[in-house]
There are 2 protein chains.
Amino acid sequence: MDIEAFRKAGYQAVDAICDYYTKIREMPVNSTVEPGYLVKQLPDHAPEKGEEFAVIAKDFQEQIMPGITHWQHPSFFAFFPSITNFESILADMYATSVSNPGFNWNCSPACTELEMVVMDWAAKLFGLEKSFHGSSGAGGGIILGSASEACLTVAVAARERCLRVLTEDAVSLNGNHVNGKSEDSVQSNGISTGVDGARVKATQVVIPDDLRASSTPKMVMYGSTQTHSIGKKAAIILGMQFRALPTYRKDDYALRADVVRQTLEEDTENGLIPFMLIATVGTTNTGTIDHIADIGAVLKDFPTTYLHVDAAWAGVCLALPELRQTLQLDPINEYAHSFSTNFHKWGLVAFDATALWVRDRELLTSALDVTPAYLRTAQGDSGSVIDYRNWQLALGRRFRSLKVWFVLRSYGVEGYQKHLRGGLDMANVLEEMIQSSPDFELLVPKSLALLVFRYHPSDRQYSQTELNDLNRRLHASLASRGDIILTQTVLPAENGEEGTFCIRFSLGNARTEKQDVVQGWDLVVRLASQLKK
Amino acid sequence: MDIEAFRKAGYQAVDAICDYYTKIREMPVNSTVEPGYLVKQLPDHAPEKGEEFAVIAKDFQEQIMPGITHWQHPSFFAFFPSITNFESILADMYATSVSNPGFNWNCSPACTELEMVVMDWAAKLFGLEKSFHGSSGAGGGIILGSASEACLTVAVAARERCLRVLTEDAVSLNGNHVNGKSEDSVQSNGISTGVDGARVKATQVVIPDDLRASSTPKMVMYGSTQTHSIGKKAAIILGMQFRALPTYRKDDYALRADVVRQTLEEDTENGLIPFMLIATVGTTNTGTIDHIADIGAVLKDFPTTYLHVDAAWAGVCLALPELRQTLQLDPINEYAHSFSTNFHKWGLVAFDATALWVRDRELLTSALDVTPAYLRTAQGDSGSVIDYRNWQLALGRRFRSLKVWFVLRSYGVEGYQKHLRGGLDMANVLEEMIQSSPDFELLVPKSLALLVFRYHPSDRQYSQTELNDLNRRLHASLASRGDIILTQTVLPAENGEEGTFCIRFSLGNARTEKQDVVQGWDLVVRLASQLKK
């Protein structure tokens, strides 16, 4: 395709996108295609001769679009929002036009430096304290592809940190001799900041192989039953143990500090080594916020344990000063080794854009820096720049900072806050409707823009099993439609009863208005009442 | 930004991109900004009020562009090409306009199904045999973000496969009892295909915890000194050992099968457990192709060892039938458990688009599937669709198949082949010039579009140290310029001499013409002759 063909195809793509957003409200939100719908339509091999782009663009509309679920639709209430917008589309156009693999500062200095800048902007927007800022020289932020990638990345850092603490402990116990290694095991690098103070950061520890081999199988990652599966998956990937601590309905499924203390004490007595705990601000099931202040205080007694705060969905609401106490900003700032949130959920930046901040970048780079000759640069060698490849699992990286820059500038702090408050307002509308429906119940209090409810008719007593069956049928009846999407979940079993099947109503999409919420809820009520008949 | 504002900004972005590509040949290829150039210019916090997009777009040109290294420039000869094109830009526009997190088939059925289709197109384009095709029902392809992600992903699968083989061996040794576990450890799932035949695939093995704990620290991943650092990094991330096997100049730094056999025998005798070997088709240093046929045959005697073929750069050249023997297609088809190549290097699809094919998808899903209630779907539960999250480390994923589809259709097989042959032609031009320069030498024979050379004046004898010094200065002199980019590397030390510093001249960019190669080489010759003065 030459330049003028691109100009034409580009204009047409812009127009097609404008048409899409003009019509989106009138479209069904849910794709109702059957598995295999597209595989059946397309040829089974690439064409021999090149095709005109006009044909390809037409096929996008006719073949691809029917299989698209419209996450930007005003009636998309499933999972969590995954917002895209015109700013993100423009950023991806510009970014792809100057595409590069981004592993080094000098792959394109602008990409790295813009990421440093916008991650400090966002750290300030969310109230993260100075040691999380890149400008501190010690910590800083990076944009990754997903909260799962962030979790896995910090888990690697947490494992190495744990092994360093164990090495140091062995050194101090054995008079500077660890398993036959000399005092070379501990070397000062002069950095001393953050939650660990001088304890771990001030030293670069060489971890003896035998300590690594003997300790790793005993190391345990902790979360709760409500921690996103990304925690367990990170542990599985690393070949390590994950323990899901119990949570209870009376606590709205928040992880409690006494449960943490009791388990870590028992496990430690049994020879296990806690190396990481994931606390969640806004769980996927119910939007619950763990008791980070109390948990953080407990972890002070378990110095091998790294605290990662996963606020994938709720974290962006730290941009609202009135929510910072609820969202536990102060304890995060006091105790967390790392914090992550997804711009690409409620946060107005198109997937993928997960923000991860660490308080000690050296924990990442010491675990992840493997620099061969062909990746060396004068700037990297001198330490005058960040080479983000050493902060992440993979080598290459997209120019994601551009979309964050476009969004934060185009909306401004005011516009960003207004957007978030819009979702909170819609949630208030829904909460009132649910609470005034005698046949429905909220299973936990509303959390930000998430409401978790079930149908619970008031006409007679229902067993848990009956209610689960009713609500499964209600969800199936909703899921078969094209005009609304809601996700189901199951809350943990308690008191010998089976777990609670329930439905999540997730707000925050930019196009959702009061009428959409009212319409959506009316539909739920109508389908539920048909079920009973 | 509303719809009409986007239309305006979108047209302007298209025009700006057209301008960029109209002027690119006249621009310096290399950004010569100093570290901190952008951080200094930008405010240290997000703006309070939203800004007009016209201002932001202007700042992109004035503040970002000076810090962009122009990877599409005809004189970009560094690293490997990282090609973007108009098809990729258009695909990113469309994809971002319907952005979704892509973890399930039903996040947007089109995204998953298009990926299944284009990965089968590409498998056929590259000549991969049927068991690598998704349509086989057993294997299939996935698009990931980078070759490093592909390597780490298959390493997890390889570790689990190794543990299964060990479990099975223990079962057959101990009469269906492994460490006190009953015959439940081995359950048939009826799948039996691929290189392992019935051995591993036909069983779903429950790996005993104590076998995992005792075996994992002994497990070793192998590559050569020329394997990309992504291998070592994957091992480090997993907390496992990596061994770089020696390669020699006389073999053009290809990994030899006898070295593999000898090392694996020694390691096995010493109680270590080989679990994975990375063979490379087209190393980063020199474009070397490992002896996969012989290595594959050796690995038959080490059944715990998974063979991953990393063809990140060279793999796309399998689209050229005349190169398939050189690139070892038959042995790949015979022996490899997985194969990956980057569309986003020479392969005409913008970063990020790494193709990974496996012959047994169940090796991935059994290692990576963690499905909580809130991610369950009727389609996923029924097994009628692929949920790609279970083939990868992370949960969320971009709609990357669209750009592969746009590119393969727009170019067609003919256009794709023509592009690749263009790079090969340019490399022939350069090879002839280097070979006819008495003061330069190729350190290995040209590989596809990569030439690795050094300045070696013919006026007198030079020691290795003198030559390294000369070439370091030559590279520094090239690196300080804006009009060309070449990357350095160091080839392994041998015979007690220090390693060989050399310069890589990497071709394949879509805009490079004969005049650019001639000009680039003339510059190298001129700078070199100035050095001697």
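Residues numbered from 1 in each chain as written. Chains lettered and ligands numbered in written order. Predicted model: local features only at pLDDT ≥ 70, side-chain atom pairs only at ≥ 80, totals over all residues. Heavy atoms only, no water.

## Focus on the confidence of the model for chain A
Residue and element names in this part refer to chain A.
Item 1. Averaged over every residue, the pLDDT of chain A is 93; residues scoring 70 or more account for 94%.
Item 2. Taken as a whole, residues 177-193 scores under 50 in pLDDT and shows 43 contacts with residues more than four places along the chain or in a different chain.
Item 3. Under a pLDDT of 50 for its full length, residues 198-203 has, in the predicted model, 29 contacts with residues more than four places off or in other chains.
Item 4. Listed scores for the predicted complex are pTM 0.95 and ipTM 0.95. (pLDDT = per-residue confidence, 0-100. Contact = heavy atoms within 4.5 Å.)

## So, the side chain of K233 of chain B
Item 1. Structurally, K233 of chain B is set in helix α9 (residues 229-237).
Item 2. Despite its burial, K233 of chain B pairs with no opposite charge, the nearest such side chain being D369 of chain A at 7.1 Å.
Item 3. Leave out the neighbours within four places in its chain, and K233 of chain B touches L368, V370, R389, Q392, L393 and A394 of chain A. (Helix = DSSP H or I, 4+ residues; strand = E, 2+ residues; numbered from the N terminus. Buried < 20%, exposed > 50% of the residue type's maximum accessible area, 1.4 Å probe, protein only. Lys, Arg positive; Asp, Glu negative; His and termini not counted. Salt bridge = Lys/Arg side-chain N within 4 Å of Asp/Glu carboxyl O.)

## Some words on the state of the cysteines
Item 1. On inspection of all chains with the given rule, the structure shows 0 disulfides over all chains.
Item 2. With no disulfide of its own, C151 of chain A lies 16 Å from the sulfur of C162 of chain A, the closest cysteine sulfur.
Item 3. Left without a disulfide partner, C18 of chain B is nearest to the cysteine sulfur of C18 of chain A, which lies 17 Å away.
Item 4. Of the residues examined, C18 of chain B reaches a relative accessible area of 0% and is grouped as buried. (Disulfide = S-S within 2.5 Å.)

## What about the sheet that holds strand β5 (residues 241-245) of chain B?
Residue and element names in this part refer to chain B.
Item 1. Pairing is mixed across the open sheet formed by 7 strands, whose spatial order is β1-β9-β8-β7-β6-β4-β5. Of all the strands in the sheet, just β1 (140-144) and β5 have a single pairing partner and so form its edges. Neighbour-to-neighbour, the strand axes of this sheet turn through a mean angle of 20°, independent of strand direction.
Item 2. Direction of pairing for β1 relative to strand β9 (residues 354-358): antiparallel, over a ladder of 5 bridges. Pairing of G140 across the sheet is with V358, part of β9.
Item 3. Across the sheet, helix α5 (residues 109-125) lies against β1 and β9, angled at about 110° from β1, the strand it touches most. (Pairing = 2+ DSSP bridges. Axes fitted to C-alpha atoms, helices over the stretch in contact; angles between N-to-C directions.)

## Digging into the interface of chain A and chain B
Item 1. Between chain A and chain B, the contact holds 140 residues from the first and 140 residues from the second.
Item 2. Summed over both sides, the interface between chain A and chain B buries roughly 12,200 Å², with carbon and sulfur atoms accounting for 67% of that surface.
Item 3. At the surface where chain A touches chain B, the tally comes to 14 salt bridges.
Item 4. Among the salt bridges present, the one from K49 of chain A reaches E414 of chain B, with a minimum N-O distance of 2.9 Å.
Item 5. For the pair chain A and chain B, the number of links is 58 residue pairs in polar contact (both at pLDDT 80 or more).
Item 6. Per-element tally for the side of chain A that touches chain B: the top contributor is helix α1 (residues 3-23) of chain A, with 16 residues.
Item 7. Of the residues that constitute the side of chain A that touches chain B, the class distribution is 76 nonpolar, 39 polar and 25 charged. (Buried area = accessible area lost by both parts, 1.4 Å probe. Polar contact = N/O pair within 3.5 Å; in protein donor to acceptor, adjacent residues only side chain to side chain. Nonpolar A, V, L, I, M, F, W, Y, C, P; charged D, E, K, R; others polar.)

## What to know about the relation of the copies chain A and chain B
Item 1. When chain A is fitted onto chain B, the two copies agree to an RMSD of 0.0 Å after a turn of 180° and an axial shift of 0.0 Å. Accordingly, the operation relating the two chain copies is best matched by a two-fold axis. Minimal C-alpha separation from the rotation axis in chain A is found for L238 of chain A, amounting to 2.5 Å. (Least-squares fit on C-alpha atoms with pLDDT ≥ 70 in both.)

## Looking at helix α16 (residues 464-479) of chain B
Residue and element names in this part refer to chain B.
Item 1. Here α16 is 16 residues long and its end C-alpha atoms lie 22 Å apart, about the 22 Å a rise of 1.5 Å per residue gives.
Item 2. Those residues of α16 not exposed but buried are Q464, L467, N468, L470, N471, L474, H475 and L478. All buried residues of α16 project into a common sector of 165° when viewed along the axis, lining one side.
Item 3. Those residues of α16 hidden inside the fold are in contact with β10 (440-442), β11 (450-455), β12 (487-491), β13 (500-506) and α17 (514-532). (Expected span 1.5 Å × (residues − 1). Arc of directions from axis to C-beta.)

## A word on the domain arrangement of chain A
The extent of an interface is frequently quoted as the accessible surface area lost upon association of the parts.
Residues and elements named next belong to chain A.
Item 1. When the domains of chain A are assigned, the result is domain 1 (3-68), domain 2 (105-398) and domain 3 (408-532).
Item 2. Taking the mean C-alpha position of each, domain 2 and domain 3 sit 33 Å from one another.
Item 3. Listed by partner, the interface residues are 29 residues for domain 2 and 28 residues for domain 3.
Item 4. Here domain 2 meets domain 3 over a buried area of about 2,500 Å², counting both sides, of which 66% is carbon and sulfur.
Item 5. Among the residues of domain 2 in contact with domain 3, R249, W346 and L348 are the three that bury the most area, contributing 27% of the side total.
Item 6. Across the domain 2-domain 3 interface, the total number found is 1 salt bridge.
Item 7. Linking E322 and R421 is a salt bridge whose minimum nitrogen-to-oxygen distance equals 2.7 Å. (Domains from an automatic or database assignment.)

## Some points on the layout of surface pockets
Leftover empty space is mapped by rolling, across the atoms, a probe with the size of a water molecule.
Item 1. The volume enclosed by the second largest pocket comes to roughly 840 Å³.
Item 2. Along its surface, the second largest pocket is lined by 34 residues, and H475, A479 and Q488 of chain A together with T377 and A378 of chain B are the ones closest to its centre.
Item 3. Of all the secondary structure elements, the ones that give two or more residues to the lining of the second largest pocket are α16 (464-479) and β12 (487-491) of chain A together with α14 (378-382) of chain B.
Item 4. Looking at the lining of the second largest pocket element by element, the count peaks at 5 residues for α16 of chain A.
Item 5. Classifying every residue of the lining of the second largest pocket gives 19 nonpolar, 11 polar and 4 charged.
Item 6. Each of two domains, domain 1 (3-68) and domain 3 (408-532) of chain A, supplies a minimum of three residues to the lining of the second largest pocket. (1 Å grid on protein atoms, 1.4 Å probe; cavity = no way out; pocket = protein on both sides within 12 Å on 5 of 7 lines; lining within 4 Å. Points joined across faces, edges and corners; volume = space filled by probe spheres on them.)

## Points about the packing of aromatic side chains
Item 1. Per the counting criterion, the structure on display carries 43 aromatic pairs over all chains.
Item 2. Residues F440 of chain A and Y455 of chain A carry aromatic rings whose centres are separated by 5.1 Å and whose planes lie at 40° to one another, so their mutual orientation is tilted. Placement of F440 of chain A in strand β10 (residues 440-442) and of Y455 of chain A in strand β11 (residues 450-455) is noted, with a sequence separation of 15 residues between them. Like F440 of chain A, the residue Y455 of chain A is buried in the burial classification.
Item 3. Centroid distance W71 of chain B to F79 of chain B: 5.5 Å. Interplanar angle 5°. Geometry classified as stacked.
Item 4. Put simply, the rings of F53 and F60 of chain A together with Y94, W405 and F406 of chain B pair up and form one aromatic cluster.
Item 5. In this structure, R409 of chain B packs its charged tip against the face of W405 of chain B, placed 4.8 Å from the ring centre. (Phe/Tyr/Trp six-rings, centres within 6.5 Å; stacked < 30°, edge-to-face > 60°. Lys NZ or Arg CZ within 6 Å of the ring centre and 35° of its normal.)

## Topic: the sheet that holds strand β7 (residues 306-310) of chain A
Residues and elements named next belong to chain A.
Item 1. Sheet architecture is open: 7 strands sit in the order β1-β9-β8-β7-β6-β4-β5, paired in mixed fashion. Of all the strands in the sheet, just β1 (140-144) and β5 (241-245) have a single pairing partner and so form its edges. Here the strands of the sheet are splayed against their neighbours by 20° on average, with no regard to which way each runs.
Item 2. Relative to strand β9 (residues 354-358), strand β8 (residues 338-342) is paired through 5 bridges, and the arrangement is antiparallel. Its bridge partner being in β9, S338 is matched across the sheet by V358.

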